[in-house]
Every structure is written in C-alpha cells, then in structure tokens.
Amino acid sequence: MKKRLILNVGREMGSGGRELAQCLARIFDLAFYDKELIREASKDSGICKDCFEQADEKPQKVWYSRFPFFGDPVFSGLSNDALFEIHYRTVRRLAQERDCVFVGRCTDYILRDDPACFNIFVHAPLRFRLERICRSAGVDEEEASQIIAKTDKMRSSYYNFYTDKEWGKASSYHLCVDTSLLGIEKTAEWVAEMAKRARLD
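Conventions used here
- Residues numbered from 1 in each chain as written.
- Predicted model: local features only at pLDDT ≥ 70, side-chain atom pairs only at ≥ 80, totals over all residues.
- Heavy atoms only, no water.
- pLDDT = per-residue confidence, 0-100.
- Contact = heavy atoms within 4.5 Å.
- Axes fitted to C-alpha atoms, helices over the stretch in contact; angles between N-to-C directions.
- Helix = DSSP H or I, 4+ residues; strand = E, 2+ residues; numbered from the N terminus.
- Parallel < 35°, antiparallel > 145°, perpendicular 65-115°, else oblique.
- Left-handed = near helix turned anticlockwise from the far one by under 90°.
- Core = buried A, V, L, I, M, F, W, Y, C linked by side-chain atoms within 4.5 Å.
- Buried < 20%, exposed > 50% of the residue type's maximum accessible area, 1.4 Å probe, protein only.
- Phe/Tyr/Trp six-rings, centres within 6.5 Å; stacked < 30°, edge-to-face > 60°.

Draft legend 1. Region of interest: the confidence of the model for the chain. Mean pLDDT over the chain: 88, with 88% of residues reaching 70 or higher. Considering only residues more than four positions removed or in separate chains, one finds that residues 62–76, a stretch of pLDDT under 50, has 33 contacts.

This is the structure in structure tokens:
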C-alpha cells in the first residue's frame, strides 16, 4: 500500500521557498496549497477571502469586514484566533483528502500528529534573497531589504504565536535547506530524495 505524503514548507522571504514547494509538488504529483489555502478556508466558512488575505501570516489583530449570514451582509469583527481556527480545520481536511504540499501558515504544527508529514524550512543568505527580490519585484536593494525584514518578522511572529516551536529554528523541522548552494530546482530534487528515504524508513 502506498504511503501518504504531506510536505510542509516554511521559508524565509526571497529564499525561493514557494518555488521549491512547487517543484516538489511536480516531482511527487501532489496538490499544492499556498494562497490556495485562503480560497479553501473562505469556501469552508462562507467568510469572504479578504478577511483571510488581510490576516494571512500576520500577528494578532481584529479584522472588520462585511460577510453574509443567512443571505444578509453583516458587519462584524473577526479576530485572528477565529480565522486561525477556520484555517486549522481547513488544513486538516485537505491533508486527509489528498497528499499535498503546504507552504507556510503553521501547517507543520497543525499536522504535527500526522506521521505522513515531512517538514522543511527553506533559507538562504541575505545577498541571495536581496538579488531575487530586486529581480522579481523590480525594486532597489533598500526596498528589497525592507520587504524581507517586514515579511520575515510577520511570519515569525505568526508562527511563534500559534505554535510551541520557533520559526526557522532547525529543531522545529525535519530538514533545513539553503537554496543558494544548488539553486532551487536542484535543491528541490535533493529534498525530494530525502523525503523519499524518510518515507521508506
């Protein structure tokens, strides 16, 4: 019987973590969930996507939005805790329905009791990340540095708040990889081999 496989990919901004996760999804022919999780959580709850997008991997806050209950728009406040609870249930549903790759959003912690999981953290030296952000976003180095600092701070605050682990710390994951050494595609191939070996043990 084929073993299940769930890959959870945490990442530093600019490290290529999302691209690496996409490569892994292609290698293993798995469903891929990054921003797609927002759509799924919205569909599960009936709450508009904007609420989840505004709270996505951000620290505590109350978001105010109009969303329908019984066909009528209602103006209501939603805390990150309420949105995280919906997100939590959506992640667990998707993991039970199919093998998949999740990007960020505490999925390694949400699925911590699932033996099918292989948890990866993707990082790279600052220079490598700056160059990638400058190219992809069309910004100068100063602005790229600000984007990296702000995004990594939000991701770490979100992760550390909702889990009992530390974002980016090696002991929080099965494997930590530096994409600057081999490039994203070669790194993904190497990670895939590690995941295969771990699944066989």
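Once you've had a look at it, read on.
Draft legend 2. Region of interest: the packing of helix α6 (residues 126–137) against helix α7 (residues 141–162). Packing of α6 against α7 leaves a shortest axis separation of 9 Å and a crossing angle of 110 degrees. Comparing their axes, α7 and α6 come out roughly perpendicular. Helix-helix and strand crossings are classified by hand; for α6 and α7 the assignment is right-handed. Residues L126, R127, R129, L130, I133 and C134 of α6 form the contact with α7, whose participating residues are E141, A144, S145, I147, I148 and D152.

Draft legend 3. Representation of the nonpolar core in the model. The biggest cluster of nonpolar side chains holds 23 residues, and the ones touching the most others in it are L7, V9, L24, F28, V101 and I120. Elements supplying a minimum of two residues to this core: β1 (6–11), α1 (17–28), β5 (100–103), β6 (117–123), β7 (175–178) and α9 (184–200). With residues near it in sequence (within four places) discarded, V101 still touches L7, V9, A21, L24, A25, L30, A31, F32 and Y33.

Draft legend 4. Up close: the environment of K58. With respect to the secondary-structure elements, K58 resides in the loop between α3 (49–55) and β3 (62–69). Taking relative accessible area as the criterion, K58 reaches 24% and is therefore assigned partly exposed. Sequence separation of K58 and R155 is 97 residues, and the distance between their C-alpha atoms is 6.5 Å.

Draft legend 5. Broad picture of unusual backbone geometry. At D29, a position not held by glycine, the phi torsion is positive, near 55 degrees. Inspection of the secondary structure puts D29 in the loop between α1 and β2 (31–33). Unlike most non-glycine residues, R105 shows phi in positive territory, near 60 degrees. Inspection of the secondary structure puts R105 in the loop between β5 and α5 (107–110).

Draft legend 6. The arrangement of the packing of aromatic side chains in detail. The tally for this structure, following the rule as stated, stands at 8 aromatic pairs. Between the aromatic rings of F84 and Y158, the centroid separation amounts to 6.0 Å while the plane-to-plane angle is 70 degrees, which identifies the pairing as edge-to-face. Here F84 is found in helix α4 (residues 80–97), whereas its partner Y158 is found in helix α7, with 74 residues between them in sequence. The exposure class of F84 is buried, given its relative accessible area of 10%. Geometrically, the ring pair formed by Y159 and Y173 is stacked, given 6.3 Å between the ring centres and 25 degrees between the ring planes. Of the two residues, Y159 is situated in helix α7 and Y173 in the loop between α7 and β7; the sequence distance between them amounts to 14 residues. The exposure class assigned to Y159 is buried, which follows from its relative accessible area of 5%.

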